[in-house]
Protein chains: 6
Amino acid sequence: MTVLTFGEIMLRLKTPEHLRFFQSPVFEATFGGGEANVAVSLSNFGIPAEFLTILPENSVADACLGELRRFGVGTGKILRGPGRLGIYYLETGANQRPSRVVYDREGSSIAQAVVGDIDWDAAFSGVDWLHVTGITPALSQGASDLTLQALRIAKDKGITVSLDLNYRKNLWKYGQTAQEVMPDLVRFVDVLIANEEDCQKALGIETAVDVESGELDTEKFRLLTERVLSDYPNLQKIAVTLRESESADSNGWSACMNNRTEFLLSHKYEIRDIVDRVGGGDSFSGGLIYGLLSFETDAEALEFAVAASCLKHSINGDFNRVSVAEVRALLGGDGSGRVVR
Amino acid sequence: MTVLTFGEIMLRLKTPEHLRFFQSPVFEATFGGGEANVAVSLSNFGIPAEFLTILPENSVADACLGELRRFGVGTGKILRGPGRLGIYYLETGANQRPSRVVYDREGSSIAQAVVGDIDWDAAFSGVDWLHVTGITPALSQGASDLTLQALRIAKDKGITVSLDLNYRKNLWKYGQTAQEVMPDLVRFVDVLIANEEDCQKALGIETAVDVESGELDTEKFRLLTERVLSDYPNLQKIAVTLRESESADSNGWSACMNNRTEFLLSHKYEIRDIVDRVGGGDSFSGGLIYGLLSFETDAEALEFAVAASCLKHSINGDFNRVSVAEVRALLGGDGSGRVVR
Amino acid sequence: MTVLTFGEIMLRLKTPEHLRFFQSPVFEATFGGGEANVAVSLSNFGIPAEFLTILPENSVADACLGELRRFGVGTGKILRGPGRLGIYYLETGANQRPSRVVYDREGSSIAQAVVGDIDWDAAFSGVDWLHVTGITPALSQGASDLTLQALRIAKDKGITVSLDLNYRKNLWKYGQTAQEVMPDLVRFVDVLIANEEDCQKALGIETAVDVESGELDTEKFRLLTERVLSDYPNLQKIAVTLRESESADSNGWSACMNNRTEFLLSHKYEIRDIVDRVGGGDSFSGGLIYGLLSFETDAEALEFAVAASCLKHSINGDFNRVSVAEVRALLGGDGSGRVVR
Amino acid sequence: MTVLTFGEIMLRLKTPEHLRFFQSPVFEATFGGGEANVAVSLSNFGIPAEFLTILPENSVADACLGELRRFGVGTGKILRGPGRLGIYYLETGANQRPSRVVYDREGSSIAQAVVGDIDWDAAFSGVDWLHVTGITPALSQGASDLTLQALRIAKDKGITVSLDLNYRKNLWKYGQTAQEVMPDLVRFVDVLIANEEDCQKALGIETAVDVESGELDTEKFRLLTERVLSDYPNLQKIAVTLRESESADSNGWSACMNNRTEFLLSHKYEIRDIVDRVGGGDSFSGGLIYGLLSFETDAEALEFAVAASCLKHSINGDFNRVSVAEVRALLGGDGSGRVVR
Amino acid sequence: MTVLTFGEIMLRLKTPEHLRFFQSPVFEATFGGGEANVAVSLSNFGIPAEFLTILPENSVADACLGELRRFGVGTGKILRGPGRLGIYYLETGANQRPSRVVYDREGSSIAQAVVGDIDWDAAFSGVDWLHVTGITPALSQGASDLTLQALRIAKDKGITVSLDLNYRKNLWKYGQTAQEVMPDLVRFVDVLIANEEDCQKALGIETAVDVESGELDTEKFRLLTERVLSDYPNLQKIAVTLRESESADSNGWSACMNNRTEFLLSHKYEIRDIVDRVGGGDSFSGGLIYGLLSFETDAEALEFAVAASCLKHSINGDFNRVSVAEVRALLGGDGSGRVVR
Amino acid sequence: MTVLTFGEIMLRLKTPEHLRFFQSPVFEATFGGGEANVAVSLSNFGIPAEFLTILPENSVADACLGELRRFGVGTGKILRGPGRLGIYYLETGANQRPSRVVYDREGSSIAQAVVGDIDWDAAFSGVDWLHVTGITPALSQGASDLTLQALRIAKDKGITVSLDLNYRKNLWKYGQTAQEVMPDLVRFVDVLIANEEDCQKALGIETAVDVESGELDTEKFRLLTERVLSDYPNLQKIAVTLRESESADSNGWSACMNNRTEFLLSHKYEIRDIVDRVGGGDSFSGGLIYGLLSFETDAEALEFAVAASCLKHSINGDFNRVSVAEVRALLGGDGSGRVVR
């Protein structure tokens, strides 16, 4: 069972601690991106995972490959091409001050790619599951076309497809809107992952839930997931992450899933001293795919995904550096934070 | 509309993170001081701001000028003279352990200055608003005399004067007490800024409010502000910051204002994971001056000042590195800390 | 009045901030170990304290001696011998992710020592109080034998003996279990320090208190302490620390003591943003010994110990870098975290 | 006398010390670029200097403005526009391993600009001297056109023009070669700055000097400068920097100038422990413009420029953080490195 | 063509910059060891390389695996077992002060291993070349036996064997001397690598060359290599590295080789500002194996090895992070250190 | 045999690496000062050493005491008094750019002290040797008077006195010149330490040696030392350090001594990659006192002092962190910098 994720990986330039840009003349430099983050999660959980992207030919991109290898992610299918390595700048917020991302990903190699640049037969060799997100189709017409092509071919090959809607309002600048593109993609998907805002902005499915407030109405989420499943009969299941943002440091974190048979609502974790929430959603996707591949019930898969992504909030960087044993310990009820020695 | 602030700027030597002195052989080195902090806030908010002080002639003081210029603060009126650059050492506390400041500001250039060292006509050229604090008169007889002279001349020139009482018990060592000096200064002030302890220690106006407890009685603050306004009929308004200290990391933060017409009580922010509260009061002053210059109502000005200074608690260093847009976002109700991207 | 503590001191290699191992190619390197931590606490409180251990002959061990001297701890009795300097690796957790310790202390000089390697007459010269923990007897047969010998000879010399049970499940690998060894040691002890799990694992005294839950039942602790005092009639008093772990960042912290006359329950501190809890128990022991030597009542001693160890949670590193004045300020009711300047 | 420099400023991401990319997950983040570097040099020397570029609207670019202001460089003419902030990655070499630059400047705001985007009348307001380099015309057709337009208009306005040929083989990708573009620009120039390779690659003027070898033949440089002056009769003078690279750490550094009256050869500095040679040529340009504006003879100007840029090699970052007094001390013969205290 | 290297990999704890132990409470933490260093070099040069060792089961050892994977080194044959991860502490010297290594490798997993712990048939699967060093047999009787067993079996399987004598006087503590052990190993070797001291201390082959002096007599090295080849007729060739230590920062670096047909003396590099010379010999071995596998003549292989290891001296850490293209650039004559951009 | 040194210890605030002030918002914070540096050297060499100064009562000064204790320096005689802890800022130069010190030591506790503040009988209890420098009398009239008093009383008590002239042109601001003060002090001295400039500036003894040039004429130093010995018949011997400054990184370092019987000229060390030369002279004094106390001949003492201070140039910070064994290794001829492992 091998999972391939396809998308963009970026250089992530974060200010140290909670500093604003250039309070200190230093950036913490790591790599990250929705699909790569999922591949790293899976590899950390012991699932063979490969990442497919296009990178430029330079030594910073070489270092990116090395980082992926370090986690055991397969990099053999990664292509090199024209364009640049996308970047995102990150300031970590605190309390009432939100974290801020400045994207510098225009002109990236993947954004410059067009249909024909990727040999999908080679890419899908040995692959059982494909995971993509709504970020790649937001980058450029070419990246959007490639994503659609990937889903089509995957479907033809009988590969399971998961997609995280991942709506980003500051992307989608190339002339198409999310609602014009995403529905066509979702029609090839087996497992859909989203949050409430994604459903609204990417699929146009409105609900009355107020994203800004902390209060969540789970009943509304049942309705929301039912509407999505109804609109997209190809979907086997949809999982929705439920973040209650109280401050930059303190969130409630849970998720629900509708598999057409049952509506499952997970345990909710109160996360009070968040280290880094960027990549939280991706760590949920990684946990969910692991869970669906490993457990007998969707309920178990969902709880694993929520626990795995709860732990992500304690880890700096996009990647969720936790093991199955650590997630299981939390699932087993030990969130007390006692020193393990 | 140009604001001049006058006072001392110091080198701030902070231990990294929450370390105690010399746990690591490193200090974070920035600059700060009540009046300079206000100038930086104003400049960040787009208000032309100048800072007046006296610095020694050496390359560390040169770097201080550079830092002020970086924020757009006007440094053209800063004088160079004998004496040293004042310093304060800072350890950041956590939980039940308070932050600690060790002052090393004796013999600073501003403390050694005497009447005659500053040409106030030149200093007030183009100035519409003067802001000072109760720290400068606490430094030395000369600095005290210069502050009084500044207020007198500003008043003569029709310049609006704001003063933050800012009582510091470890200063006031040159032979005068705060209560002997501050009342004479306050008689030249239009906008007074204080906290409860300041009123008591600097003006001798007692109230029954218990500073150490977290509970605050707003009614008492109405009475307190009325008493101050009654004693000082020149005052147009008084603003009082209300800090409820639960721990080094967790404070309630709000303020009230009495403008002789109405008693205004602001929204209260619960700040749970404070990054740095030093300079919090100064960021309130900066926000208040901006607000009074920019909004139609005192209520709006007060809310802006409280929101601006709430955000300061998320920022390392004396300076409040936030924009009007960021304060407005918080005022607009988004303190949820969701990632902005 | 001089206190000698005997045991192992290790190099502590901690990842920066909350990073996992090798997220950054850097370790914060300090020294620590239960008994050395107690000596440092006592020296910081003004009590003459000496530390006895065996270290290898190399420059890293030399640096360890220097660090102890820095705190005024007497190092003149420390021996040099074969073997290595023990190490422990530490990752600091956050929220639901616990801190993790990886021990690398096998083959340490103290673990390789055997009876005969320490001249106890010389070691106890001028000593009034001996403090040991249950860690040293867990290292090796030799270290266990030496601990028993130390207690016997101390008892003969009329030296007061305190022992912190400090059960560590990943030690005790040399063929003996804690329950086979510890009871024999406890029979020489005057002041016993423990937590609930220690009593169970090291002495086999079961209670119904659930360690994993946050809820604590003080009545049960009264019974627990009574049972221990009943089983070990030599004990003058037993103190039990009560940690309520809500997360890696947030703990309730208190303690109780039974001195055969009264059962004392301390004030409970809510510690919400823990900087470092490793060494928390040792800082309690240090505070308790100081308190018993300095105050008239056990109640005062207990409160001092709890306040001292509450403050430890705000300090990075094994050592509790606080003064008596700082503990007294907290005892006096000021845990509000207001900046001291 | 105000100098305007026009071109691109980039984020410079340097690995710490001599590390290769991602040996440590950190970049030192500063700003730099040929023309900005010259403006900073001039401002540090007390010459009013302004920098003109186009930057995107984001907070990283805001920080760039702050850094320029810190040095007193005028930023009032800087425009904001579409595109990105260019980046260059830097590894500092050692010994036989050269420093390496990876450019990531495609799509920068200045590269996307076209004729019409800059109002040159406004830009040249109050300007007496314009400095540009051969880097800007290498970026894009638009940037090339803008540079030519700038020179034309400056010439019309009687503004002195200096140009540093600064050939970069990895730029010039938009369809024009340096030799197709640069000669047309040089025809508007008063003071030309170059090294031997620049003359060959940008102007096609060949000499027999071997760039790779350390040996330099000054006679050839006399001929080279004469050939350039002969080809470009508009030039008043040409200065050529002479770098003898022995290793990444050790260079000989000198320069020559031909002002049509005399051929001047400067003192040669042996620089043995180079801290950072990037920006060395720019610091020469800055020193030369200062010298030509401040001294009576070209010989003095040349010696100042060489001494100023010799000192640059001791300073990390693109900017030459030295004062006139420091350059004069070196010119005065004190390169002995004795501690100044 | 796959190369397997077998031996110990350690955690390397280096003080920052040139600091002595605990001048700063920080260690730079990387991994290294003679045989792993060779595998990393080979992988960086594009040769499939695997590393075989035994590591304990803990998360620090897991991180070690990740680091090897990052360079593409095959880790699939690495075993986990009892014992610890060996450590070496490193202070980097300067000038007349030498770098100092403190070993803490006793009790490592590989040192505790005995014959039977490694299945050599599995280990040698797909392997064409085996590389070992004289460090492993110096660790323990078991590690020595395993090394001998490895060579015997490799020989039987027709695998080419290279061995770097690598004499370390502070190892060899388990009862055997180098001269008792190494000759038996060398009898299975095809390519021997050594320096002059190694030949003397490990093989007992004396020469008159004075190791401490900088002067080297190449004639003596011809004789030395002839003697070794004469004593060990199985050897195809011997390469000897020639280091002329002038100071901690400045070395001459070259090598010679005797392949029974010709005595080859390489180019000598003067390395003046050494960043890190630890691992220099290993980078020579890696370069030599690459060269012997890739070039037609031994002369080319030798020059490649010397150039590759010259570059290693500019790189922090045990691993030689250079590419074939970089080595070729130096071989091609460009050691001038000009910035590559 | 116990040595007491008396003088000022300061906080040393150094920029990282070779950075100029505020290139990075960080200072490396250590402690140092001529006389404390000598005490640390002696303690590192195993000579009981005590340091006498006056420090303020604050936690930064407490940390200073801890640092001295770490090296085993006796701090029991240090007094606490009014005034501040002196500071010096340091930028480390490179190549032609010199290191720069900015003093901020006015108003220090020792500078504010007057005769009567120190009980010399207590201070000299158990002391056999007193070491002072020409820095303390340069601070203030009080400090000068105290130094004279110390020498007088030491002489009366038969304590050996050494004095390092240590002329600092930016001190001596209180109304006396060095030449008015120092000769009176030298009349109580047994062992005088100086460099050529000191003799000229502090004693008015001119020679023709050109301090700025690298060339040194040892004959002149013979004459110089003879003149000093002739003017001060109380002197037993004079040692003169000979620094040949080629650049900030590269110095020749040697010394001579005249003991009225012989003129000794030491070995000269070429130091090419200086890490930190501040404190170099103090490390010579420390080595010399050790040598005079430990060796039979002055020649041995002189060579030890020069070798010890040569090694100091490889060590960051004021203190010379080397052992007798390390100095002996260099004296024994091993300055080759080979790795010790």
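Caption draft 1: Region of the structure containing unusual backbone geometry. A positive phi angle, near 75 degrees, is found at Arg260 of chain A, a position not held by glycine. As for its placement among the helices and strands, Arg260 of chain A is situated in the loop between β13 (251-258) and β14 (263-265).

Caption draft 2: Quick peek at the interface of chain B and chain A. Taken together, the contact between chain B and chain A spans 28 residues of the former and 30 residues of the latter. A buried area of about 2,600 Å², summed over both sides, lies between chain B and chain A, and 44% of it is on carbon and sulfur atoms. At the boundary of chain B and chain A, one finds two salt bridges. Linking Arg100 of chain A and Glu326 of chain B is a salt bridge whose minimum nitrogen-to-oxygen distance equals 2.9 Å. Linking chain B with chain A are 14 residue pairs in polar contact (both at pLDDT 80 or more), by the criterion used here. Of all elements in the fold, only β15 (269-271), α10 (298-312) and α11 (324-331) of chain B reach the threshold of two or more residues within the side of chain B that touches chain A. Per-element accounting of the side of chain B that touches chain A gives the leading share, three residues, to β15 of chain B. Grouping the constituent residues of the side of chain B that touches chain A by class yields eleven nonpolar, six polar and eleven charged.

Caption draft 3: Representation of the pattern of salt bridges. All told, the structure shown has 138 salt bridges over all chains when counted by the stated rule. Between Lys201 of chain A and Glu197 of chain A there is a salt bridge whose closest N-O contact spans 3.4 Å. With Lys201 of chain A and Glu197 of chain A both in helix α7 (residues 196-203), this residue pair falls four residues apart, about one helical turn. For Glu197 of chain A, a relative accessible area of 28% puts it in the partly exposed group. Between Glu57 of chain F and Arg80 of chain F there is a salt bridge; the shortest N-O distance is 3.9 Å. Placement of Glu57 of chain F in the loop between β5 (54-55) and α2 (59-70) and of Arg80 of chain F in strand β6 (residues 79-80) is noted, with a sequence separation of 23 residues between them. For Arg80 of chain F, a relative accessible area of 28% corresponds to the partly exposed category. Overlapping salt bridges, with partners in common, bring together Glu244, Glu246, Lys268, Glu270 and Arg272 of chain A in one network.

Caption draft 4: Structural context of the relation of the copies chain B and chain A. Expressed as a screw operation, the relation of chain B to chain A combines 0.0 Å of axial shift with a rotation of 120 degrees, fitting to an RMSD of 0.0 Å. On the angle and the small slide along the axis, the relation comes out as a three-fold axis. Residues of chain B ranked by C-alpha distance from the rotation axis are headed by Asp273 of chain B, positioned 4.5 Å from it. A distinct binding surface is used by each copy, with only 11% of the interface residues of chain B retained as interface residues in chain A.

Caption draft 5: Representation of the environment of Met1 of chain D within the structure. By secondary structure assignment, the location of Met1 of chain D is in the segment before β1 (3-6). Considering only alpha carbons, one finds Met1 of chain D and Leu293 of chain D, 292 residues apart in sequence, at a separation of 8.5 Å.

Caption draft 6: View of the sheet that holds strand β7 (residues 87-91) of chain C. Strand order in the open sheet formed by eight strands is β8(C)-β7(C)-β2(C)-β3(C)-β3(E)-β2(E)-β7(E)-β8(E), and the pairing between neighbours is mixed. The open sheet has two edge strands, β8 (100-104) of chain C together with β8 (100-104) of chain E, and neither has a second partner. Sheet twist, expressed as the mean angle between neighbouring strand axes with direction ignored, is 30 degrees. Alignment of strand β2 (residues 10-14) of chain C against β7 of chain C, held across four bridges, turns out to be parallel. Bridge pairing links Lys14 of chain C to Leu90 of chain C in β7 of chain C.

Caption draft 7: Looking closely at the confidence of the model for chain A. Mean pLDDT over chain A stands at 95; residues scoring 70 or higher make up 97%. Interface confidence for the predicted complex, given as ipTM, is 0.94, next to a pTM of 0.97.

Caption draft 8: Local environment of helix α5 (residues 141-156) of chain E. All names here are of chain E. Counted at 1.5 Å a residue, the expected span for α5 with its 16 residues is 22 Å, and the 23 Å between its end C-alpha atoms agrees. Taken together, the buried positions of α5 are occupied by Gly142, Ala143, Ser144, Leu146, Thr147, Ala150, Leu151 and Ala154. Where α5 is buried, its residues contact β1 (3-6), α3 (109-112), α4 (120-123), β9 (129-133), β10 (160-164) and α6 (178-186). Gly158 sits one or two residues past α5 and shows a positive phi near 80 degrees.

Caption draft 9: How the structure looks around the packing of helix α7 (residues 196-203) of chain F against helix α8 (residues 218-231) of chain F. Residue and element names in this part refer to chain F. Axis separation between α7 and α8 bottoms out at 11 Å; the angle between their running directions is 35 degrees. Crossing handedness for the pair α7 and α8: left-handed. Along its contact with α7, which presents Glu196, Cys199 and Leu203, the element α8 presents Phe221, Leu224 and Val228. Residues belonging to the contact of α7 with α8 are distributed by class as follows: five nonpolar, no polar and one charged.

Caption draft 10: Main features of the interface of chain D and chain E. Across the contact, 30 residues belong to chain D and 28 residues belong to chain E. Roughly 2,600 Å² is buried in total at the junction of chain D and chain E, and carbon and sulfur atoms are behind 44% of that figure. At the boundary of chain D and chain E, one finds two salt bridges. Across the chain D-chain E interface, the total number found is 14 residue pairs in polar contact (both at pLDDT 80 or more). Elements represented by at least two residues in the side of chain D that touches chain E include exactly β8 (100-104) and β12 (237-245) of chain D.

Caption draft 11: Spotlight on the relation of the copies chain D and chain E. The operation relating chain D to chain E is a screw motion whose rotation component is 120 degrees, with 0.0 Å of axial translation and a residual RMSD of 0.0 Å. When the interface residues of chain D are mapped onto chain E, a mere 10% of them are again interface residues, pointing to distinct binding faces.

Caption draft 12: Quick look at the sheet that holds strand β7 (residues 87-91) of chain D. Taking strand neighbours across the sheet as the criterion, the eight strands line up as β8(A)-β7(A)-β2(A)-β3(A)-β3(D)-β2(D)-β7(D)-β8(D) in an open arrangement whose pairing is mixed. Both outer strands of the open sheet, β8 (100-104) of chain A together with β8 of chain D, are each paired with one neighbouring strand and no more. Within this sheet the neighbouring strands show an average axis-to-axis angle of 30 degrees, counted without direction. Both strand β2 (residues 10-14) of chain D and strand β3 (residues 26-32) of chain D contribute to a ladder of five bridges, which runs antiparallel. In the strand pairing of β3 of chain D, Lys14 of chain D is matched with Glu28 of chain D.

Caption draft 13: Highlighting the side chain of Ser43 of chain C. All names here are of chain C. Turning to its location among the elements, Ser43 is positioned in helix α1 (residues 34-44). For Ser43, a relative accessible area of 16% gives the class buried. Discounting chain neighbours no more than four positions away, the residues touching Ser43 are Ala49, Phe71, Gly72 and Val73.

Caption draft 14: Examining the side chain of Ser162 of chain C more closely. Residues and elements named next belong to chain C. One can find Ser162 in strand β10 (residues 160-164). On the basis of relative accessibility, which here comes to 0%, the residue Ser162 falls in the buried class. Separated by 2.8 Å, the side chains of Ser162 and Trp129 make a polar contact. With sequence-adjacent residues up to four places away left out, Ser162 is seen in contact with Trp129, Leu130, His131, Val132, Val189, Val191 and Ile289.

Caption draft 15: Here's a closer look at the pairing of strand β13 (residues 251-258) of chain F. Residues and elements named next belong to chain F. Most of β13 sits out of view: eight of its eight residues are buried. Burial of the side chains of β13 extends over both faces: Asn251, Trp253, Ala255 and Met257 are buried on one face and Gly252, Ser254, Cys256 and Asn258 on the other. Where strand β12 (residues 237-245) lies against β13, eight bridges are found, and the strand directions are antiparallel. Bridge pairing in β13 places Ser245 opposite Asn251. In textbook terms, the turn of a hairpin is the stretch between consecutive antiparallel strands, and for β12 and β13 this stretch comprises five residues. Where β13 lies against strand β14 (residues 263-265), three bridges are found, and the strand directions are antiparallel. Bridge pairing in β14 places Met257 opposite Leu264. Connecting the antiparallel pair β13 and β14 is a turn made up of four residues, with Arg260 showing a positive phi of about 75 degrees.

Conventions adopted
Residues numbered from 1 in each chain as written. Chains lettered and ligands numbered in written order. Predicted model: local features only at pLDDT ≥ 70, side-chain atom pairs only at ≥ 80, totals over all residues. Heavy atoms only, no water. Helix = DSSP H or I, 4+ residues; strand = E, 2+ residues; numbered from the N terminus. Contact = heavy atoms within 4.5 Å. Buried area = accessible area lost by both parts, 1.4 Å probe. Salt bridge = Lys/Arg side-chain N within 4 Å of Asp/Glu carboxyl O. Polar contact = N/O pair within 3.5 Å; in protein donor to acceptor, adjacent residues only side chain to side chain. Nonpolar A, V, L, I, M, F, W, Y, C, P; charged D, E, K, R; others polar. Buried < 20%, exposed > 50% of the residue type's maximum accessible area, 1.4 Å probe, protein only. Least-squares fit on C-alpha atoms with pLDDT ≥ 70 in both. Pairing = 2+ DSSP bridges. Axes fitted to C-alpha atoms, helices over the stretch in contact; angles between N-to-C directions. pLDDT = per-residue confidence, 0-100. Expected span 1.5 Å × (residues − 1). Left-handed = near helix turned anticlockwise from the far one by under 90°.

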